[in-house]
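# Results of the structural survey
As a plain string of letters, each chain reads:
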Amino acid sequence: APAPAPAPAPAPAPVTSAATRVAVLAYGKLDSAAQAAAARGGFVVLNMYPSMGVTLMQATINNIRAQNPGVKIAQYTVLNEATDTADTTSDNYPLSTKLNQMNWWVRDAAGARVQWTGLFNNYEVNPTAWAPADSAGRRWPHWKAEHDTQTMFGRLSGIDYVFNDNVMFQPRYDADLMRVGTNQLRSDPLIQSAFRKGYLDFWAAHRALAPSRKIMGNADSDLSSAEFKGQLEGAFHECLMGKSWSIETWGGWHAMMTRYRATFATTRAPNDVIFQVCATSGAQPAQARYGFASALLENGYFAYYTGSLPGYWADEFSAPLGTPVEAPPTAATASGIWLRRYSNGLVLVNPGSSTLSISVGPGYKRLQGTLDPVVNNGAIESLVTLPPKSGLLMIKA
């Protein structure tokens, strides 16, 4: 009898694009080009609003997901501030009406409302249990979660995350949160705890209305406080680089990475953490590469904010990097360069102030880029040199 035919060789494992680790902020009404741009990454944060209408909002979600079925989609909301408006056609009018009716605004000892910025006529809102309850027993966090659900989340399908902006560990100002006619210090642990518990009430109310929906916080801390630790499935780090107030600017790369790493421990599964870099003056390939490589040393997403869509899509974002084959590094290599290997490539970061070189071994090449072909020139290299404060992605040759 003839010998049996040999079994077919197993199909090669698909090589995952680095795009799966890119997050996109896509605010407002999105035309078809902006929807396509939002769909390129692995995570998208939308900021739609009720007056867009359910049909348009749902079509936006559907179009993004049709182009990228695996994308995670979040929708924006905010707890700590609101707009005061008399415009009955405004999406903010129902909030303003309720806040004025219940006097849920944050006021100082003189009775004046507290305002962080004059933009948008926004004022701070008191999320604590010291604020009065309405006739249904609700305070601002509970009422706001119900309003979000009735006007947005409960009317749409396909939203994976509530994106809660401005998750702060303490109030922005010393004010009369206790409503006793004096200002309490925002540094007072009692005030801080009560303030943070307002966020817990907000998240609990959202989860009660939609138990399967996750919550991501735009965190101004590492979420390690007793109230916040382990409460969120995701964290967003706004402008870790690029602004005068960015952690990398005032504290350096190591302080920035410490904050970024910490939220993987203080969030809960699936620990979706976004590392954002804000372009300082238009898209800058070196800045985007440095930030993206830094983000890829851990298991987060990377967002490069240029102010508008379709935005900047770096050569690195489409690199066939594969998936990590080793844990996030806890220290630099002997060269001083940080290295993490992936199934089809590797990531390098030089956070120092001098040029450094590293031997990565045979079989690696630079990307063949179109936006930055000087750096991403496709060259095969085993000894790689990185200038100060730079990153590099390489793939297998």
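Note that the coordinates shown come from a computational prediction; the quantities given were computed from them, not determined experimentally. (Residues numbered from 1 in each chain as written. Predicted model: local features only at pLDDT ≥ 70, side-chain atom pairs only at ≥ 80, totals over all residues. Heavy atoms only, no water.)

## Points about the sheet that holds strand β11 (residues 338-342)
- Read from one edge of the open sheet, 4 strands run β11-β12-β16-β14, paired in antiparallel fashion. Each of the sheet's edge strands pairs with one partner strand only, and the pair in question is β11 and β14 (364-366). Sheet twist, expressed as the average angle between the axes of neighbouring strands with direction ignored, equals 25°.
- In this structure, strand β12 (residues 345-350) lies alongside strand β16 (residues 390-396), joined through 6 bridges in antiparallel fashion. Of the residues in β16, the one forming a bridge with Val347 is Leu393.
- Taken strand by strand, helix α8 (residues 285-296) contacts β11, β12 and β16, and its axis lies near 65° from that of β16. (Pairing = 2+ DSSP bridges. Helix = DSSP H or I, 4+ residues; strand = E, 2+ residues; numbered from the N terminus. Axes fitted to C-alpha atoms, helices over the stretch in contact; angles between N-to-C directions. Contact = heavy atoms within 4.5 Å.)

## Description of the pairing of strand β10 (residues 301-305)
- Among the 5 residues that make up β10, 4 are buried, leaving the element largely enclosed by the rest of the structure.
- Where strand β9 (residues 272-278) lies against β10, 5 bridges are found, and the strand directions are parallel. Note on β10: the bridge partner recorded for Ile274 is Tyr301.
- Since β9 and β10 lie parallel, the crossover through α8 that links them has a hand, and here it is right-handed. (Buried < 20%, exposed > 50% of the residue type's maximum accessible area, 1.4 Å probe, protein only. Right-handed = clockwise from strand over helix to strand, strands pointing away.)

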